[in-house]
Amino acid sequence: MGKLIHDYFTVVLTDHTLAFNVFASLKGCYIIENIQDHSVFFAEGDSGSGVYLKEDEEKSKKALGIAIANSKLGGETAVCDIRHITDKFNVELYHA
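Residues numbered from 1 in each chain as written. Predicted model: local features only at pLDDT ≥ 70, side-chain atom pairs only at ≥ 80, totals over all residues. Heavy atoms only, no water.

Peer 1: Please clarify how the pattern of salt bridges should be interpreted in this entry.
Peer 2: In a structure, side chains of opposite charge can pair up when their charged atoms sit close to one another. Here the structure, examined in full by the defined rule, presents one salt bridge. Residues Arg83 and Asp81 are paired through a salt bridge, measuring 2.7 Å at the closest nitrogen-oxygen approach. On the basis of relative accessibility, which here comes to 44%, the residue Arg83 falls in the partly exposed class. (Salt bridge = Lys/Arg side-chain N within 4 Å of Asp/Glu carboxyl O. Buried < 20%, exposed > 50% of the residue type's maximum accessible area, 1.4 Å probe, protein only.)

Peer 1: Looking at this structure, how should I read the pairing of strand β5 (residues 76-81)?
Peer 2: Taken residue by residue, a regular strand's side chains alternate between the two faces of the sheet. Most of β5 sits inside the fold, with five of its six residues counted as buried. Examined bridge by bridge, strand β4 (residues 62-70) and β5 share five bridges and lie antiparallel to one another. Residue pairing across strands places Gly65 opposite Asp81, the latter belonging to β5. (Helix = DSSP H or I, 4+ residues; strand = E, 2+ residues; numbered from the N terminus. Pairing = 2+ DSSP bridges.)

Note that all results are geometric; they support no functional claim without further evidence.
Put into structure tokens, the structure is as follows:
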């Protein structure tokens with residue numbers, strides 16, 4: 001589980017393992033903070049996972065976005081806003 005701490009944050013991704021300096025700037029991201037000591041919100045290999053908001057036990061979950069990166073230092077996860085994805089591919093979310 002995590003806690004939403006920032007919305008519409010700009011994330012800069014870098015990859016130092018390549019010979020070239022590769023980076024991407026992603027605007028309109030959310031930042032999720034890990035809130036459980038015994039488990040992580042985002043681990044290696046979780047990129048592309050769906051992230052959902054859960055307001056309380058009684059309400060259904062709402063799609064927030066797609067996990068794209070984590071901070072190795074702070075235990076925070078960058079999440080791309082689901083609306084950017086649905087708008088780009090001209091699809092709609094279905095609410096049951």
